[in-house]
Amino acid sequence: MTCLNADTVTEERSSDRKLILVLFGSPRKNGYTAKLLNEFLSPFGENVQIRVVHAYDSGIRPCTACDVCCRSERCSQSDFDELDSLIRCADVLVVATPVYVLSFPAPLKAVVDRMQRYFSARFSLGINPSIAKHRTAALLVTNGSASREGAQVMARQLKMVFSVMNTTLCGEAVWTGTDFDSGRSTFDRARREARDLALAIKSEL
Ligand SMILES: Cc1cc2nc3c(=O)[nH]c(=O)nc-3n(C[C@H](O)[C@H](O)[C@H](O)COP(=O)(O)O)c2cc1C
C-alpha cells in the first residue's frame, strides 16, 4: 500500500509512469487533509509517480493582474513556472485542502488564481486547448462543520478554472465534521468516497 506523508515529494519525473500531481492546501502536513489524501492515494500502488506541492511552502505569490499573459504565453512572475511544467505533464491533478471560510486557504487560492494564464492563453491568444494534454482531476476536502457547502464552492471554482485547462474534475471526496470527535464518526464515509474516486480514476489511466 502506498502510504505517503503529505510532506513527501516522492520522485522526479521519469518517462513511463503516470504522474499524479497533488496541490496540497493545508498548513498541517499531518492533519485531516493529509489523512484523506493518503486514503485516496492508496489504491494507486507503486505504478505511479506522485508529486506533492505544498501551497504553504511553495511561495507562489498572488496574481497581480498585469495582463502579460494576455499578450504572450507566459507569466510576469517566474515562481509558477515549475508548477506550470508539472501541470502540463500530469495525468491526474489532485487538489487536497481544508475549507477556510467556505473556500481555499489563501496560499492555495493564490495558486488557483495564477491559473488565469490558461484562461488568457485560451481567450486572448486563441490557444485551444491552452494545455495540449488532457488530465483528470479530483478534489479532496476536509472541514470542521457537518456541511458540504465549502466543498461545493471549491468544486464550482475548480470546474470553471479547469474548463480552460483541458482538465476534467471527476469528483470530490469530503470529510465533514473534523471539529467533532476528531472526525472519527465521519471518517469511514470519507475514506470510502476517497477510495471509490481513486479507483474510478485509476481504471481510466
Ligand atoms: C482559518 C480557518 C477557517 C476555517 N473555516 C472553516 C469553514 O468555513 N467551514 C468549516 O466547516 N470549517 C472551517 N475550518 C475548519 C477546517 O476546515 C478543519 O479543521 C479542517 O479539517 C482542517 O484540516 P487540516 O487538519 O488538514 O488542516 C476553518 C479552519 C481555519 C483554521
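Residues numbered from 1 in each chain as written. Predicted model: local features only at pLDDT ≥ 70, side-chain atom pairs only at ≥ 80, totals over all residues. Heavy atoms only, no water.

## Focus: the overall build of the chain
Logical step 1: A count of helices and strands for the chain gives eight helices and five strands.
Logical step 2: The helix and strand sequence of the chain, counted from the amino end, reads β-α-β-α-α-α-β-α-α-β-α-β-α.
Logical step 3: Over its C-alpha atoms the chain spans a radius of gyration of 16 Å, differing by no more than 12% from the 17 Å that the globule rule assigns to 205 residues.
Logical step 4: Viewed in the frame of its principal axes, the chain has a C-alpha envelope of about 50 × 40 × 25 Å.
Logical step 5: Counting only residues that meet the buried cut, the chain has 50% of its 205 residues in that class.
Logical step 6: Across the chain, the fraction of contacts at a sequence separation of at least 24, relative to all contacts at a separation of at least 6, is 83%.
Logical step 7: On the chain, the mean spot of the 26 positive side-chain charges and the mean spot of the 23 negative ones are 2 Å from each other. (Helix = DSSP H or I, 4+ residues; strand = E, 2+ residues; numbered from the N terminus. Rg over C-alpha atoms; globule rule 2.2 N^0.38 Å. Buried < 20%, exposed > 50% of the residue type's maximum accessible area, 1.4 Å probe, protein only. Contact = heavy atoms within 4.5 Å. Lys, Arg positive; Asp, Glu negative; His and termini not counted. Charge placed at Lys NZ, Arg CZ, Asp CG, Glu CD.)

## Brief notes about unusual backbone geometry
Logical step 1: With omega at 0°, the peptide bond leading from Asn128 into Pro129 counts as cis.
Logical step 2: With respect to the secondary-structure elements, Pro129 resides in the loop between α6 (116–123) and β4 (135–142).
Logical step 3: Although it is not a glycine, Asp67 adopts a positive phi angle of roughly 70°.
Logical step 4: With respect to the element layout, Asp67 can be found in the loop between α2 (55–58) and α3 (68–71).
Logical step 5: Judged by its relative accessible area of 41%, Asp67 falls in the partly exposed class.

## Description of a nonpolar patch on the surface
Logical step 1: Taken together, Tyr56, Tyr100 and Val101 make up a surface patch of nonpolar side chains, about 330 Å² in accessible area.
Logical step 2: Mapped onto the elements of the fold, Tyr100 is located in the loop between β3 (92–98) and α5 (106–114).
Logical step 3: Note on Tyr100: relative accessible area 35%, which makes it partly exposed. (Patch = residues over 30% accessible without salt bridge, like charges linked within 9 Å, V, L, I, M, F, W, Y side chains within 5 Å. Areas by Shrake-Rupley, 256 points an atom, 1.4 Å probe, with all protein chains shown as cover. Salt bridge = Lys/Arg side-chain N within 4 Å of Asp/Glu carboxyl O.)

## Observations concerning α6
Logical step 1: Restricting attention to buried positions, one finds in α6 the residues Arg117, Tyr118, Ser120 and Ala121. When α6 is viewed along its axis, its buried side chains cluster within an angular range of 160° and face the same direction.
Logical step 2: Taken together, the buried residues of α6 touch α3, α4 (81–89) and α5. (Arc of directions from axis to C-beta.)

## Things to note about the site of the ligand
Logical step 1: The environment of the ligand is made up of 16 residues, and the closest members are Ser26, Thr33, Val99, Val101 and Thr178.
Logical step 2: Side-chain polar atom of Asn143 to an oxygen atom of the ligand: 3.3 Å apart, as the coordinates give it.
Logical step 3: Ser145 is positioned such that a nitrogen or oxygen atom in its side chain is 2.9 Å from an oxygen atom of the ligand.
Logical step 4: Here the ligand has 650 Å² of accessible area as a free molecule, and 73% of this is covered by the chains.
Logical step 5: Across the shell around the ligand, the residue classes break down as six nonpolar, eight polar and two charged. (Near = heavy atom within 4 Å. Polar contact = N/O pair within 3.5 Å; in protein donor to acceptor, adjacent residues only side chain to side chain. Nonpolar A, V, L, I, M, F, W, Y, C, P; charged D, E, K, R; others polar.)

## What about the sheet that holds strand β1 (residues 18–24)?
Logical step 1: Here five strands make up an open sheet; going across it, the order is β2-β1-β3-β4-β5 and the pairing parallel. At either end of the open sheet lies a strand with only one pairing partner, and these are β2 (48–54) and β5 (167–175). When strand polarity is set aside, the average angle formed by the axes of neighbouring strands in this sheet is 20°.
Logical step 2: In this sheet, β4 lies alongside β3 in parallel orientation, the contact comprising seven bridges. The partner of Thr97 across the bridge, within β4, is Val141.
Logical step 3: Contacting β3, β4 and β5, helix α7 (residues 149–162) runs over the sheet at an angle of about 160° to β4. (Pairing = 2+ DSSP bridges. Axes fitted to C-alpha atoms, helices over the stretch in contact; angles between N-to-C directions.)

## Let's talk about the confidence of the model for the chain
Logical step 1: Taken as a whole, the chain shows an average pLDDT of 92; of its residues, 93% reach a score of 70 or greater.
Logical step 2: Confidence drops under pLDDT 50 across residues 1–14; counting only partners more than four residues distant or on other chains, this segment forms 41 contacts. (pLDDT = per-residue confidence, 0-100.)

## Here's the deal with the nonpolar core
Logical step 1: By size, the foremost hydrophobic cluster in this structure holds 34 residues, and its most contacted members are Leu23, Leu83, Ile87, Val111, Met115 and Phe162.
Logical step 2: Counting 25 residues, the second largest nonpolar core, distinct from the first, contains Ala34, Ala138, Ala190 and Ala194. (Core = buried A, V, L, I, M, F, W, Y, C linked by side-chain atoms within 4.5 Å.)

## Observations regarding the packing of helix α1 (residues 32–41) against helix α8 (residues 184–204)
Logical step 1: Packing of α1 against α8 brings their axes to within 7 Å, and their N-to-C directions diverge by 40°. One way to sum up the angle between α1 and α8 is to call them oblique. Remark: the crossing between α1 and α8 carries right-handed chirality. In contact with Lys35, Leu36, Glu39 and Phe40 of α1, α8 contributes Phe187, Ala190, Arg191, Ala194, Arg195, Leu197, Ala198 and Ile201.
Logical step 2: Looking at the contact of α1 with α8 residue by residue, the class counts come to eight nonpolar, no polar and four charged. (Parallel < 35°, antiparallel > 145°, perpendicular 65-115°, else oblique. Left-handed = near helix turned anticlockwise from the far one by under 90°.)

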